[in-house]
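# Structural overview for review
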Amino acid sequence: MCIRDRCSDDAFTTAAATLQARIDAFGKDSPEVAEWIRGQDYVFENCFGAGSGYVPPRAPADIDPLIQADRAYQSAAALFYSSRYQEAATAFRRIAADGASPWASWGRYLAGRSLLWYARASGELTANYRGRLALAEAELRQAIEADGPAEPRDAARWLLARILVRTDPLEAAALLSGRLLSPLGAEVRARELGLFAQLMDTLVDDPAVLAEVRSRVELVEWIFTFQQEGEAGADHAVVRWREEQSVAWLVAALAKIGPFHDATLELLAAAAQVQGHPATSTLGYYRAQLHIERGEQQQAIEALEGLGPDPVSYTHLTLPTKV
């Protein structure tokens, strides 16, 4: 088995960054750095295959407390990579309880991750799987509620969402939609969109659950309304816009109605008032499309000209020649 099969890229990135920090703190030829490298070598021995069982020995009692804390983390990581997941979870919990450890804020998340892998190791069809999954879920919820930096709590939310997609689609939808509607980096957003799409696919196969989720999670309702064909989808989008008066529902309604729907003029007027919003360009596109279909050449041109030099691509709009 290749080294990359057992240990993620993040493990090597974290190790490299930590090593550099310890070199900066103690010097590259210091006993502290030598001891840190010794412990990390044990950790990465486990990356060559499952069950290697390499756990670093205790650090010398007289070594700096920071290296002692690092060794506790290295030992817990080694237990995880050697598939001793319950022991790893216990070790990570001890780290979470050690307020002096630089790894404390990650302890609960890593304990939850260990228990999730413990559940997976049992196999989804076994009697133990659900119970073990519940243990992982409980640990991750504690990680999310813990004080400290946002990054480990966000990581815990991600793993919890992956569990909930299988066990509680309603909570998964609420959790993921909240994340997707908040500022996220491009890589994180792509990852969570992928999981959200997976959830949407499972909902399609269960109409009863889908109906409940749609009634309680607005983003899901918006997506399925946008995808709904025919007048029913258009009428529903208009109703939701009138109820919410939100730009999101205005976009959906404007996209779905025809040029001579009873609400077309009302929506066109509302869309023309939206300026400086992330959806302004999108609304301009749909306004222009509807004006073209209504034979309103000048209004279509004005809808596009008001959007700036290059807001979006309108290449497939067939705009009549300006007279």
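Above this text you will find the structure in question.
Residues numbered from 1 in each chain as written. Predicted model: local features only at pLDDT ≥ 70, side-chain atom pairs only at ≥ 80, totals over all residues. Heavy atoms only, no water.

### A short note on the overall build of the protein
Broken down by element type, the protein carries 16 helices and zero strands. Over its C-alpha atoms the protein spans a radius of gyration of 27 Å, topping by over 25% the 20 Å that the globule rule assigns to 323 residues. Dimensions along the principal axes, computed over C-alpha positions, put the protein at roughly 85 × 50 × 35 Å. For the protein, the proportion of its 323 residues judged to be buried stands at 43%. Considering only residue pairs separated by 6 or more positions, the protein has 53% of its internal contacts joining residues 24 or more positions apart. (Helix = DSSP H or I, 4+ residues; strand = E, 2+ residues; numbered from the N terminus. Rg over C-alpha atoms; globule rule 2.2 N^0.38 Å. Buried < 20%, exposed > 50% of the residue type's maximum accessible area, 1.4 Å probe, protein only. Contact = heavy atoms within 4.5 Å.)

### Side note on the state of the cysteines
Tallied over the entire structure, the rule returns one disulfide. With its sulfur 1.6 Å from that of its partner, Cys7 forms a disulfide with Cys47. Its S-S torsion of approximately -75° makes the covalent link between Cys7 and Cys47 left-handed. Here the residue Cys7 occupies a position in the segment before helix H1 (9–26), and Cys47 occupies one in the loop between helix H2 (31–45) and helix H3 (65–81), the gap between them amounting to 40 residues. Cys47 matches Cys7 in its accessibility class, with the two residues each being buried. (Disulfide = S-S within 2.5 Å.)

### Here we look at the packing of helix H14 (residues 264–272) against helix H15 (residues 280–293)
Orientation of H14 relative to H15, taken along the N-to-C sense of each, is 145°, at an axis distance of 10 Å. With respect to the hand of their crossing, H14 and H15 are arranged in left-handed fashion. Of H15, the residues touching H14 (which contributes Thr264, Leu268, Ala271 and Ala272) are Leu283, Arg287, Leu290 and His291. (Axes fitted to C-alpha atoms, helices over the stretch in contact; angles between N-to-C directions. Left-handed = near helix turned anticlockwise from the far one by under 90°.)

### What to know about the nonpolar core
One finds Phe92, Tyr109, Leu199 and Val220 to be the most contacted residues of the largest nonpolar core, which totals 63 residues. It is helix H7 (residues 150–167) that contributes the most residues to this core, nine residues altogether. Sequence-distant contacts of Val220, that is, excluding residues within four places in its chain, are made with Ala173, Phe196, Met200, Leu203, Leu210, Val213 and Arg214. (Core = buried A, V, L, I, M, F, W, Y, C linked by side-chain atoms within 4.5 Å.)

### Digging into H3
Look at H3: 24 Å from first C-alpha to last across 17 residues, which is about the 24 Å you get at 1.5 Å a residue. Within H3, 13 of the 17 residues are buried, leaving the element largely enclosed by the surrounding structure. The backbone nitrogen of Leu66 lies 2.8 Å from a side-chain oxygen of the residue at the head of H3, namely Asp64. Of the residues one or two after H3, Ser83 is the one with positive phi, at around 70°. (Expected span 1.5 Å × (residues − 1). Polar contact = N/O pair within 3.5 Å; in protein donor to acceptor, adjacent residues only side chain to side chain.)

### Quick notes on the pattern of salt bridges
Taken as a whole and judged by the stated rule, the model has 20 salt bridges. Across the pair Arg240 and Glu243 runs a salt bridge whose closest N-O atoms are separated by 3.2 Å. Taken as a pair, Arg240 and Glu243 lie in helix H12 (residues 230–244) at a separation of three residues, close to a single helical turn. Two residues, Arg294 and Glu296, come together in a salt bridge whose shortest N-O distance is 3.0 Å. Overall, the relative accessible area of 21% leaves Arg294 in the partly exposed class. Put simply, Arg214, Glu218, Glu221, Arg240, Glu243 and Glu244 are held in one network by salt bridges that share partners. (Salt bridge = Lys/Arg side-chain N within 4 Å of Asp/Glu carboxyl O.)

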